[in-house]
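Each chain is listed here by its residues.
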Amino acid sequence: MSAPEPEAPFAEPWQAEAFALTVHLHAAGHFSWPDWSAALGAERARPGPDDPGRYWRDWLAALEGLLRARGLAGEDALSPLRAAWAEAYATTPHGEPVTPEPAAVAAALATD
């Protein structure tokens, strides 16, 4: 009798990317784990629907909040990236990997 397959830690590739980015930013000294825990806890405490995707949306909101609070990224940078991802989700066929258009990401990341 074989052991059951373990549950995948991430349902979507972007969740793994958000996790990796969080670990990288912590390792680079941009925030402490207690700071991260407080930011994620604050997002989790907000009222809202308790659907399967909420945890990772809260994770992303906490990360965006820390990026803004630490001066690493402002709303002017985050808003176009959010829009590029929203467009990708709206136009990607069901079952296909969601990836924003490289030109949209490049435009969002372009600095003056």
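Each chain has its residues counted from 1, running along the sequence as written. Totals for whole chains, interfaces and linings use all residues, but because this is a predicted model, local features are given only for residues with pLDDT of at least 70 and pairs of side-chain atoms are given and counted only at 80 or more. In computing side-chain values, all of the structure's heavy atoms are included and hydrogens and water are not.

**So, the overall build of the protein**
Point 1. In terms of regular secondary structure, the protein is built from five helices and zero strands.
Point 2. Ordered by position from the N terminus, the helices and strands of the protein form the series α-α-α-α-α.
Point 3. For the protein, the proportion of contacts with a sequence separation of at least 24, taken over those separated by at least 6, is 42%.
Point 4. Only the protein chains shown count as cover for residues, with accessible areas throughout obtained via the Shrake-Rupley method and a probe of 1.4 Å. Surface exposure of the protein reaches about 7,800 Å², of which carbon and sulfur atoms provide 61%. The numbering of helices and of strands both runs from the N terminus, where a helix is a DSSP run of H or I of at least 4 residues and a strand a run of E of at least 2. Any two residues whose heavy atoms approach within 4.5 Å are treated as being in contact.

**Quick notes on the layout of surface pockets**
Point 1. Method remark: on a 1 Å grid restricted to protein atoms, a set of points is classed as a cavity if a 1.4 Å probe fits but cannot get out and as a pocket if it is open with protein on both sides within 12 Å along at least five of seven lines; lining residues have an atom within 4 Å of a point. Grid points are joined across faces, edges and corners, and a volume is the space filled by probe spheres set on the points. Approximately 910 Å³ is the volume attributed to the largest pocket.
Point 2. Along the wall of the largest pocket there are 30 residues; nearest its centre are Trp-14, Leu-60, Glu-64, Leu-81 and Trp-85.
Point 3. Elements that contribute at least two residues to the lining of the largest pocket include exactly α1 (13–27), α3 (54–69), α4 (75–91) and α5 (102–109).
Point 4. In this classification, the charged set is Asp, Glu, Lys and Arg, the nonpolar set is Ala, Val, Leu, Ile, Met, Phe, Trp, Tyr, Cys and Pro, and all remaining amino acids, among them Gly, are polar. Among the residues forming the lining of the largest pocket, the class breakdown is 22 nonpolar, two polar and six charged.

**Remarks on the environment of Ala-73**
Point 1. Inspection of the secondary structure puts Ala-73 in the loop between α3 and α4.
Point 2. Ala-73 gets classed as buried once you look at its relative accessible area, which sits at 17%.
Point 3. Leaving out residues up to four positions away in the same chain, Ala-73 has contacts with Leu-67, Arg-68 and Leu-78. Burial classification: accessible surface area is computed with a 1.4 Å probe over protein chains only, and a residue below 20% of its type maximum counts as buried, one above 50% as exposed, and the rest as partly exposed.

**Regarding the packing of α3 against α4**
Point 1. Every axis in this analysis is a line fitted to C-alpha atoms, fitted for helices over the stretch in contact. Angles between the N-to-C directions lie between 0 and 180 degrees. The N-to-C vectors of α3 and α4 enclose an angle of 155°; their axes lie 10 Å apart at closest approach. By the criterion of interaxial angle, the relationship of α3 to α4 is roughly antiparallel. Residue-level contacts link Glu-64, Leu-67 and Arg-68 of α3 to Glu-75, Leu-78 and Arg-82 of α4.
Point 2. Residue composition of the contact of α3 with α4, by class: two nonpolar, no polar and four charged. Every angle not falling under 35 degrees, over 145, or within 65 to 115 is termed oblique; those three ranges are roughly parallel, roughly antiparallel and roughly perpendicular.

**Quick look at the pattern of salt bridges**
Working definition: two side chains of opposite charge can pair if their charged atoms are close together.
Point 1. Any carboxyl oxygen of Asp or Glu within 4 Å of a side-chain nitrogen of Lys or Arg constitutes a salt bridge here. Applying the stated criterion across every chain, the model contains five salt bridges.
Point 2. Among the ionic pairs, Asp-35 bridges to Arg-70, the shortest N-O distance being 2.7 Å. One end of the pair, Asp-35, is in helix α2 (residues 33–45); the other, Arg-70, is in the loop between α3 and α4, and 35 residues separate them in sequence.
Point 3. Owing to a relative accessible area of 35%, Arg-70 belongs among the partly exposed residues under this scheme.
Point 4. In this structure, Asp-51 engages Arg-57 in a salt bridge whose closest nitrogen and oxygen atoms are separated by 2.8 Å.
Point 5. Residue classification places Asp-51 among the partly exposed residues on the basis of a relative accessible area of 29%.
Point 6. What makes Arg-57 partly exposed here is its relative accessible area of 42%.

**Topic: the confidence of the model for the protein**
Point 1. In predicted models, pLDDT denotes the confidence assigned by the predictor to each residue on a 0 to 100 scale. Across the protein, the average pLDDT comes to 85, with 94% of residues at or above 70.
Point 2. At the level of individual helices and strands, the protein shows its lowest average pLDDT in α5, which scores 71, and its highest in α2, which scores 97.

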